[in-house]
Amino acid sequence: MPEAPPVAVVGSGIAGLFCALRLAEGGRPVQIFTKRRTQDSSTNWAQGGIAAILDKTAKEAIEAHVQDTLAAGAGACNEKVVRAVVGEAGDRIRDLLSLGVNFQRDEHGELHRVREGGHSSRRILHAKDATGREIERSLIDAVNAHTGITVHSDTIVVDLIRRDHTNPSAGVVGLWVQHEDDVDVHTVPASAVVLATGGAGQLWAPTTNPPVSTGDGLAMAARFGAHVKDMAFVQFHPTSIEHPSRTFLITEALRGEGAVLLDDEGLAQWRASGDADPAPYSFTLNASPKGSMGTRDVVARAIDANLKRSGRDAVWLVTEHLDADMLTDRFPTIQNMLADLGLRLGVDPLPVRPAAHYTVGGVAVDMNGQAMDPSNRPLPGLYAIGEVACTGMHGANRLASNSLLEAVVYAQRTAAHLLNTTPESTHQDLPSWRADGLLPVEEHGALAHDLNSLRETMGREVGIMRKDARLARARRRLNLLAEEVDQTWRRCRPTKELVELRNMVQVAALVVKDASAQHENRGLHYNADLIAATRESTP
Ligand SMILES: Cc1cc2nc3c(=O)[nH]c(=O)nc-3n(C[C@H](O)[C@H](O)[C@H](O)COP(=O)(O)OP(=O)(O)OC[C@H]3O[C@@H](n4cnc5c(N)ncnc54)[C@H](O)[C@@H]3O)c2cc1C
């Protein structure tokens, strides 16, 4: 009997790296494929932190985290999943600590906790404002030190290989991959494939996501025959810096420390009043009694509506009533990025607007991270974890800082499940990528043009506030784009740009299809033609 090939993990964010480590520690050889440098991931950019109650006996605190998650999810969370993830948080944080993650500590050496929008208490662990970078650093160190893991960076996974070409239920047996310096696509056998490819924020401009977040895993899973669900629910982060030279996220934790959203009128009124606290002057109070600290969907919509009304590009995130030294100490990464734009925390109002941030929907998985087909049957050997997956944890709206947590919990669950499963050898010659007669892509300019029109369509027609007519227009435009891209795909050898564009167009179509199928406004999905049927997250 031939030896079973390694598990292939696609992606090197928190989900992929943690799962690979657990598998290797359990004796399963692992290959990680990641399309740029290992650290290029949303994980590396995560600022705010990771929500977790460490003490498993703290029943009330755990229950409060569960209830906040359910409330944010607008009645669409899978409560069993929420309870499992929140309940396992303490163990996974202890794992991260033992891997060397330096979460911030207070003067007594206790883990420091902050609060973000939608959380009823301070329960978010952080490493100042660069939590993801600290997690990613520790996990990469541990992965590099493990002899059972091979990392293939600058290597894009182009597609998954079915055991039986015509039948996804027979499972997955490998991958087609392409190294950045290579025109050829190579066949890689795998005893299982774990998709940990992150989200699809790059479908929109502006986005807080890194360039790698192009929805590849979602598109590959859909092509394979997996059920990709809840794609209507796209989280727009309320506060992304609006500047011609740069877009970057301003963590919600800044509002947790007292920063307040004001429009031009609110700012003028507050300054004229001489009041110490700007909060009562925030336009967000019209949307939620929690004002600037309402859940992300409510706050992002309030900003979007305000900007549409005023015709301006940004509202203000005001911090001048807060201690500048405290803010600079707490948010050094943000202060550095702001300094490049000539802005200072505690002094200047920051121009902000919403930007695409988190893909709530994804590959439908069971509680082991196994991908499911549309009839809810597991697809043998195919797993999805992290942002690419839809576990049911976030419902119709993700609570801040719950995604790193969900990713690490499911990475552990998937690894445990795989370690309990006898690896299957492939028993067959896997097909090569058919490249005969394919030409090199001659003009990447045309692809860039198509990408711009995709982003323009998604931003204009499938943003925070949707309408039936806009969704229909988006559908028509995406059909045309899909035809264009398909023609190039059939004619040309793959390149990273072409693979990503094809995936993005396919994922965009999934978003529009799911958004068009919604019969009520719920959580992150908001269609102005459905105003009568609105079920909100608890504001
Ligand atoms: C700016 C920002 C701030 C955030 N802040 C927080 C926060 O404070 N708390 C929180 O909980 N969440 C936060 N999030 C969300 C969170 O960071 C992500 O949901 C989480 O990191 C996703 O982890 P992941 O491992 O699933 O994917 P990622 O970390 O995105 O990693 C995906 C990996 O897959 C690789 N990949 C993708 N496609 C392919 C392919 N075809 N072939 C090979 N490799 C591929 C990528 O290169 C990358 O390595 C933030 C996100 C952003 C963008």
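Residues numbered from 1 in each chain as written. Predicted model: local features only at pLDDT ≥ 70, side-chain atom pairs only at ≥ 80, totals over all residues.

1. Digging into the overall build of the protein
Inference 1: When helices and strands are tallied, the protein shows 15 helices and 21 strands.
Inference 2: Computed over the C-alpha atoms, the radius of gyration of the protein is 23 Å, within 12% of the 24 Å expected from 2.2 N^0.38 for a compact globule of 539 residues.
Inference 3: Overall, the C-alpha framework of the protein stretches about 80 × 55 × 45 Å when taken along its three principal axes.
Inference 4: Out of the 539 residues in the protein, the part that is buried amounts to 55%. (Helix = DSSP H or I, 4+ residues; strand = E, 2+ residues; numbered from the N terminus. Rg over C-alpha atoms; globule rule 2.2 N^0.38 Å. Buried ≥ 20, exposed ≤ 12 C-beta atoms within 10 Å, placed from the backbone.)

2. A few points about helix H9 (residues 296-310)
Inference 1: A rise of 1.5 Å per residue sets the reference length of H9, with its 15 residues, at 21 Å; its end C-alpha atoms lie 21 Å apart and thus fit the reference within 8%.
Inference 2: Buried residues along H9 sit in contact with strand E12 (234-241), strand E13 (260-262), strand E14 (315-318) and strand E15 (350-359).
Inference 3: Note on H9: the residue one or two positions beyond its end, Gly 311, has a positive phi of about 75°. (Expected span 1.5 Å × (residues − 1). Contact = placed C-beta atoms within 7 Å.)

3. Describing the site of the ligand
Inference 1: Neighbouring the ligand are 43 residues, the closest being Gly 11, Gly 13, Gly 48, Gly 198 and Gly 386.
Inference 2: Elements with a contribution of two residues or more to the shell around the ligand: helix H1 (14-25), helix H2 (42-45), helix H5 (131-145), strand E7 (155-164), helix H6 (216-224) and helix H12 (403-419).
Inference 3: The class makeup of the residues in the shell around the ligand is 15 nonpolar, 23 polar and 5 charged. (Near = placed C-beta within 6 Å. Nonpolar A, V, L, I, M, F, W, Y, C, P; charged D, E, K, R; others polar.)

4. Here we look at the sheet that holds strand E16 (residues 362-364)
Sheet strands pair by backbone hydrogen bonding; their relative direction is either parallel or antiparallel.
Inference 1: Read across the open sheet, the 3 strands follow the order E11-E16-E19; overall the sheet is mixed. For this open sheet the edge positions go to strand E11 (228-229) and strand E19 (389-390), each flanked by a neighbour on one side alone.
Inference 2: Of the pairings in the sheet, the one linking E11 to E16 comprises 2 bridges and is antiparallel in character. When the bridges of E16 are listed, Val 228 appears paired with Val 363. (Pairing = 2+ DSSP bridges.)

5. Some points on the pairing of strand E9 (residues 186-189)
Inference 1: In this structure, strand E8 (residues 167-179) lies alongside E9, joined through 4 bridges in antiparallel fashion. When the bridges of E9 are listed, Trp 176 appears paired with Thr 187.
Inference 2: Linkage of E8 to E9, two consecutive antiparallel strands, is achieved through a turn of 6 residues.

6. Quick look at the domain arrangement of the protein
Inference 1: Looking at the assigned domains, one finds that the protein contains domain 1 (239-355) and domain 2 (444-535).
Inference 2: Domain 1 and domain 2 are separated by 30 Å when their C-alpha centres are compared.
Inference 3: With 5 residues of domain 1 at the contact, the number on the domain 2 side is 5 residues.
Inference 4: For the side of domain 1 that touches domain 2, the element with the highest residue contribution is H9, accounting for 4 residues. (Domains from an automatic or database assignment.)

7. A closer look at the sheet that holds strand E6 (residues 149-152)
Inference 1: What the 6 strands build is an open sheet, ordered E6-E2-E1-E10-E18-E17; its pairing is mixed. Both outer strands of the open sheet, E6 and strand E17 (370-372), are each paired with one neighbouring strand and no more. On average, each strand axis in the sheet is tilted by 30° relative to the strand beside it, whichever way the strands run.
Inference 2: The pairing of strand E10 (residues 192-195) with strand E18 (residues 378-384) spans 3 bridges and is parallel. (Axes fitted to C-alpha atoms, helices over the stretch in contact; angles between N-to-C directions.)

8. As for the nonpolar core
Inference 1: Of all hydrophobic cores here, the largest spans 166 residues; its most connected members are Cys 19, Ala 20, Val 193, Val 194, Val 363 and Ile 385.
Inference 2: By residue number, the principal contributor to this core is helix H15 (residues 496-517), which donates 10 residues.
Inference 3: If near-sequence neighbours (up to four positions away) are discounted, Cys 19 is found in contact with Val 9, Val 194, Ala 196, Ile 385, Ala 411, Thr 414 and Ala 415. (Core = buried A, V, L, I, M, F, W, Y, C linked by C-beta atoms within 7 Å.)

9. Brief notes about the environment of Ala 517
Inference 1: Checked against the element boundaries, Ala 517 lands in helix H15.
Inference 2: According to the C-beta neighbour criterion, Ala 517 is exposed, with 10 such atoms within 10 Å.
Inference 3: Along the sequence, Ala 517 and His 165 sit 352 residues apart, while their C-alpha atoms lie 30 Å from each other.

10. Quick look at helix H13 (residues 444-461)
Inference 1: Its 18 residues give H13 an end-to-end C-alpha distance of 26 Å, which sits within 8% of 26 Å, the value for a rise of 1.5 Å per residue.
Inference 2: For H13, every residue scored as buried is listed here: Leu 447, Asp 450, Leu 451, Leu 454, Thr 457, Met 458 and Glu 461. Around the axis of H13, the buried residues are gathered within 130° of arc, so they sit on the same side. Opposite the buried face of H13, by more than 90 degrees, sit the exposed residues Gly 445, Ala 448, His 449 and Asn 452.
Inference 3: On the buried face of H13, the contacting elements are helix H14 (468-491) and H15. (Arc of directions from axis to C-beta.)

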